[in-house]
Amino acid sequence: MIIAVGSDHGGFNLKQEICAFLKESGYPYKDFGTNNEESVDYPDFALAVAQGVAGGEYGLGILVCGTGIGVSISANKVRGIRAALCHDTFSARMSREHNDANILALGERVVGRGLALDIVRSFLTSSFSGGRHSCRVDKMKTIEDRHLGRS
Ligand code: RB5
């Protein structure tokens, strides 16, 4: 499973730390940028990562901006994406177990490096529990079908 990673300028430094952590830990990943601290628009990077995950080329995604809010809102506009904005390890685990989240969103200006990497670890080592949660995830897909266009 390859992990898609992306950020805007506000999340660039944490994104670099996350890529280093993934490399050290042996997780294959693809870095979609941004590649420096010059100002860019977070929807562009959220879209690239979200499309890669929704299309199945990448198993999970990690997105970072200043707060994590812009990238999570943007990614969740893509059909098939369940992006979870998590700033604690419990939420990161539950987002996988209960919500089958496929993208983790983080805010570089909200959490420090140590906690952020623990959150990433928690997200990547948890998996969907299924069972009673499956019909709830299916209901989210029904909402997509009813309310998102197909273009
Ligand atoms: C950029 O200044 C900042 O607005 C962005 O990184 C993010 O926090 C948006 O949600």
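On a predicted model such as this, the values are computed, not experimentally measured, just so you know. (Residues numbered from 1 in each chain as written. Predicted model: local features only at pLDDT ≥ 70, side-chain atom pairs only at ≥ 80, totals over all residues. Heavy atoms only, no water.)

To continue, consider the packing of helix 1 (residues 12-25) against helix 5 (residues 113-124). At their nearest, the axes of helix 1 and helix 5 sit 10 Å apart, and the two run at 50° to each other. With respect to helix 5, the axis of helix 1 lies oblique. The handedness of the crossing between helix 1 and helix 5 is right-handed. Residues Leu14, Glu17, Ile18, Phe21 and Leu22 of helix 1 lie in contact with helix 5, whose contacting residues are Arg113, Ala116, Leu117, Val120, Arg121 and Leu124. The class makeup of the residues in the contact of helix 1 with helix 5 is 8 nonpolar, no polar and 3 charged. (Axes fitted to C-alpha atoms, helices over the stretch in contact; angles between N-to-C directions. Helix = DSSP H or I, 4+ residues; strand = E, 2+ residues; numbered from the N terminus. Parallel < 35°, antiparallel > 145°, perpendicular 65-115°, else oblique. Left-handed = near helix turned anticlockwise from the far one by under 90°. Contact = heavy atoms within 4.5 Å. Nonpolar A, V, L, I, M, F, W, Y, C, P; charged D, E, K, R; others polar.)

Taken together, Asp8, His9, Tyr42, Cys65, Gly66, Thr67, Gly70 and Arg109 make up the full set of residues adjacent to the ligand. Taking Asp8, its side chain carries an N or O atom lying 2.6 Å from an oxygen atom of the ligand. With respect to the ligand, the side chain of Arg109 contributes an N or O atom lying 3.4 Å from an oxygen atom. Here the ligand loses 72% of its free accessible area of 300 Å² to cover by the protein chains. Tallied by class, residues from the shell around the ligand come to 2 nonpolar, 4 polar and 2 charged. (Near = heavy atom within 4 Å. Polar contact = N/O pair within 3.5 Å; in protein donor to acceptor, adjacent residues only side chain to side chain. Areas by Shrake-Rupley, 256 points an atom, 1.4 Å probe, with all protein chains shown as cover.)

Left-over empty space is what a probe sized like a water molecule reveals as it rolls over the atoms. As a volume, the largest pocket reaches approximately 170 Å³. In terms of lining residues, the largest pocket is bounded by Ile73, Asn76, Lys77, Ile81, Arg82, Met140, Lys141, Glu144 and Leu148. Looking at the lining of the largest pocket, the element that brings in the most residues is helix 6 (residues 132-147), giving 3 residues. For the lining of the largest pocket, the class distribution of residues is 4 nonpolar, 1 polar and 4 charged. (1 Å grid on protein atoms, 1.4 Å probe; cavity = no way out; pocket = protein on both sides within 12 Å on 5 of 7 lines; lining within 4 Å. Points joined across faces, edges and corners; volume = space filled by probe spheres on them.)

Turning to its location among the elements, Thr34 is positioned in the loop between strand 2 (29-31) and helix 2 (42-54). Its relative accessible area of 7% is what places Thr34 among the buried residues. In this structure, Thr34 is in contact with Ser7, Asp8, His9, Phe12, Lys15, Val40 and Phe45, ignoring residues within four places of it in sequence. (Buried < 20%, exposed > 50% of the residue type's maximum accessible area, 1.4 Å probe, protein only.)

Bringing a nonpolar patch on the surface into the picture now. A contiguous nonpolar patch, built from Ile69, Ile73 and Leu85 and spanning about 250 Å² of accessible area, is present on the exposed surface. With respect to the element layout, Ile69 can be found in helix 3 (residues 69-75). (Patch = residues over 30% accessible without salt bridge, like charges linked within 9 Å, V, L, I, M, F, W, Y side chains within 5 Å. Salt bridge = Lys/Arg side-chain N within 4 Å of Asp/Glu carboxyl O.)

Geometry only, nothing functional implied.
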